[in-house]
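Fold and geometry: a report
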Amino acid sequence: MKKVLRMTLVLIMALVANVAMAQKVVTFTAGTDKGSQGTASEADNVEKDGISISCDKGAFAAKQYRLGQGSKTTFSTTTGTITQIVFNCTASADAQKYGPNCIGAATGEYTYEGMTGTWTGAATKVEFTAKAQLRASSIEVTIALGGDFVATPVISGDAIFAETTTVTITAGEGTTIKYTINGDDPTDDRGEVLNYTAPFTINQTTTVQAVAYKGGKASEVATKTFLKKALNGEGTMEKPYNVEDVIALQKAGVAPAKNVYVAGIVSQPAEAISQYNDINFYISDDGNTGNEIMAYNSKYFKEANYTDMKQVPAKGDKVVLCGKIIEYNNIVELGRGNYLVSLNGKTEGEAQKDTLTFTASEALAALAADKQPEGVCYITGTICEEVDTTGLAQYGNLTYKISDDGTAANSLIVFRSKSFDGAKYTKDFYLKKGDQVKILGQLINYVKEGTTEKTPEVQANSKLISVNGHTTGVNHVTIDKMNANAPMYNLAGQRVSKNYKGVVIQNGKKFFNK
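Bear in mind that the values here come from a model prediction, so they are computed numbers and not experimental data.

1. Description of the overall build of the chain
If you tally the helices and strands in the chain, you get five helices and 40 strands. Looking at the chain alone, contacts between residues at least 24 apart form 58% of all its contacts between residues at least 6 apart.

This is the structure:
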């Protein structure tokens, strides 16, 4: 009896072992299994045990995995079939962001509860779209293994071409490949199914579908569209894409992962400025609705905030925008963070030619009368109090007050301002009380939420034009000698003697040694 029980137990254990060997779970842990991006603004990828996770706007080198708003994330494997993906998020589905409710899947079934989202299905490639940013401490991917698994073939070639392109299809060793170029199902012998033996050339817009066979087993069908089209632009500031280009690039799946420049005509203007001081509007090539793209959460020149509807591009205005091409809910758009580069042929730099110049007292008077300029303007003054360096270390900005005569009376706040050309201030160069400055920024009457009191100020992210008559930070150095015993270095970082003449750094301070 004991022998029978022992044999039964062995058989059960063997069965369990076989079941366990039929699949594996690969866990991606944030902070351990890393990609290359720390913020969810560029494309990122992380791979482990034959599984790849790719996101066109992700951060896999941060403390949590981040799938950016509007991003597409693809899970793929060459070792089996993905049957389950579990997202262990940092927020619950009840939250407005970061939770498992922030994404959806193109195939299979996706459900979520609490802080966990679970996808189930059977595929070698699974794609998710994020309607809001998702953050996960870990992601668990379950792979079904087996000797009868056949990897999906890979179709390659120029997705957009002017005249012709060569198409290559590759698959696993020992497989045969069948494909179609007319829309027929390559697994259906009743269609016009071709046997792949070598690369081939196409000269018109074509959708290629392919399937791999091995031992009577078939892979999933691979599909790739090749678009015959000469693009109108190059995505640069000098040669921006037009709207037709953008739609073609996105639909063909070859939109650049970086920011590009896009020209168009406003077809549907923004109705209001959002609480985040950005706008949503549409552009097309002819100014009409229909074949258009959306500028989502778009910012003003140089990524500045919109503060007045008079700044907002109107219907029919010609604009050039800079941003990243994405698609969300079947709408092609320039994603969050795009910004205005040109409005009716005038760039920010050209607009500055007509920009007004105010003294501190003139700026205060204009704000008091609600007659401040709609856009940026020059403001001059003398820093009249000690500079607030709270934001220096982390953000490189300064907050300070200026007046006409350097006294605290009748002073204007310059809020979170940046250095020359919008660069960050550093510990080696920042402003101090008594400096005479000229800045370029936007005058606003700031109203704190829940109050009606107006605070006149220069809006955040203004930039320095000159200080004490100088237009670069190298000239803005002190002439005070520091501790004579401290070592001195030139601007190349080389240690120099006390007899060295010129600009030096000593005790972390820059000054002119005579």
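2. A look at the pattern of salt bridges
Counted under the stated rule, the structure contains nine salt bridges. Put simply, D188 and R190 hold a salt bridge, and the shortest N to O gap is 3.0 Å. On the accessibility criterion, D188 (25% relative accessible area) is partly exposed. The residue E244 makes a salt bridge to K229 at a minimum N-O spacing of 3.8 Å. Taken together, the residues span a long stretch of sequence, with E244 in helix 2 (residues 243–251) and K229 in the loop between strand 20 (222–228) and helix 2 at a distance of 15 residues. The network of salt bridges with common partners includes K229, E244 and D245.

3. Regarding the sheet that holds strand 17 (residues 200–202)
The pairing of strands in a sheet happens through backbone hydrogen bonds and is either parallel or antiparallel. Within the open sheet, the three strands sit side by side as 12-14-17. Their pairing is antiparallel. The sheet terminates laterally at strand 12 (154–156) and strand 17, the two strands that pair on one side only. Pairwise comparison of adjacent strand axes, ignoring direction, gives a mean angle of 30° for this sheet. Pairing of strand 12 with strand 14 (residues 165–170) involves three bridges; the strand directions are antiparallel.

4. With respect to the side chain of S462
In this fold, S462 is placed in the loop between strand 35 (454–458) and strand 36 (463–467). Separated by 2.8 Å, the side chains of S462 and S417 make a polar contact. Residues in contact with S462, not counting those within four places in the same chain, are V414, S417, K418, I439, L440 and G441.

5. Digging into the packing of aromatic side chains
Think of a pair of aromatic rings as described by two things: how far the centres are apart, and how the planes are tilted against each other in angle. Scanning all chains against the criterion turns up 14 aromatic pairs. A centroid spacing of 5.9 Å and a plane angle of 75° characterise the contact between Y110 and F128, whose relative ring orientation is edge-to-face. Taken together, the residues span a long stretch of sequence, with Y110 in strand 8 (residues 109–113) and F128 in strand 10 (residues 125–130) at a distance of 18 residues. Between Y179 and Y196, the ring centres sit 6.0 Å apart and the planes meet at 75°, which makes this aromatic pair edge-to-face. On the criterion of sequence distance, the pair formed by Y179 in strand 15 (residues 176–180) and Y196 in the loop between strand 16 (194–195) and strand 17 is long-range, its members being 17 residues apart. By relative accessible area, which is 9% here, Y179 ends up buried. Under the relative-accessibility criterion, Y196 is labelled buried at 15%. Grouped by ring-pair contacts, the aromatic residues F75, F87, Y110, Y112 and F128 constitute a single cluster.

6. Section: helix 4 (residues 360–368)
Residue pairs spaced three or four apart in an α-helix point in one direction, given the helix's 3.6 residues per turn. Buried within helix 4 we find A360, A363, L364, A366 and L367. All buried residues of helix 4 lie within an arc of 160° about the axis, which places them on one face of the element. On its buried face, helix 4 sits against strand 29 (357–359), strand 30 (377–383), strand 31 (398–403), strand 32 (412–420), strand 34 (443–447) and strand 35. Just beyond helix 4, the residue with positive phi is D370, at close to 55°.

7. Some remarks on the sheet that holds strand 21 (residues 260–268)
With mixed pairing, eight strands are arranged side by side in an open sheet as 25-26-23-22-21-24-27-28. Sheet topology places strand 25 (325–328) and strand 28 (346–347) at the edges, where each strand pairs with a single neighbour. Here strand 27 (residues 339–343) runs beside strand 28; their pairing, made up of two bridges, is antiparallel. Bridging across to strand 28, L343 finds its partner in K346. Across the face of the sheet, helix 2 comes into contact with strand 21, strand 22 (279–284), strand 23 (292–298), strand 25 and strand 26 (331–334) while running at roughly 65° to strand 25.

8. Comments concerning unusual backbone geometry
A negative phi angle is the norm for most residues apart from glycine, just as the trans form is the norm for most peptide bonds. Backbone geometry places D49, a non-glycine residue, at a positive phi of 50°. Looking at where D49 falls in the secondary structure, it is placed in the loop between strand 2 (42–48) and strand 3 (51–59). Phi is positive for N297, which is not a glycine, with a value near 50°. Take N297: it is sitting in strand 23.

9. Side note on the nonpolar core
Of all hydrophobic cores here, the largest spans 29 residues; its most connected members are F28, F75, I85, F87, F128, I139 and V141. Elements represented by at least two residues in this core include exactly strand 1 (23–29), strand 3, strand 4 (65–67), strand 6 (81–89), strand 9 (116–123), strand 10 and strand 11 (134–144). The greatest single-element share of this core, amounting to five residues, is contributed by strand 11. Sequence-distant contacts of F28, defined by excluding residues within four places in its chain, comprise D33, V46, E47, K48, I51, I53, Y65, S137, S138, I139 and V141. Listed in part, the 28 residues of the second largest apolar core include L227, F281, I293 and A295.

Calculation rules
Residues numbered from 1 in each chain as written. Predicted model: local features only at pLDDT ≥ 70, side-chain atom pairs only at ≥ 80, totals over all residues. Heavy atoms only, no water. Helix = DSSP H or I, 4+ residues; strand = E, 2+ residues; numbered from the N terminus. Contact = heavy atoms within 4.5 Å. Salt bridge = Lys/Arg side-chain N within 4 Å of Asp/Glu carboxyl O. Buried < 20%, exposed > 50% of the residue type's maximum accessible area, 1.4 Å probe, protein only. Pairing = 2+ DSSP bridges. Axes fitted to C-alpha atoms, helices over the stretch in contact; angles between N-to-C directions. Polar contact = N/O pair within 3.5 Å; in protein donor to acceptor, adjacent residues only side chain to side chain. Phe/Tyr/Trp six-rings, centres within 6.5 Å; stacked < 30°, edge-to-face > 60°. Arc of directions from axis to C-beta. Core = buried A, V, L, I, M, F, W, Y, C linked by side-chain atoms within 4.5 Å.

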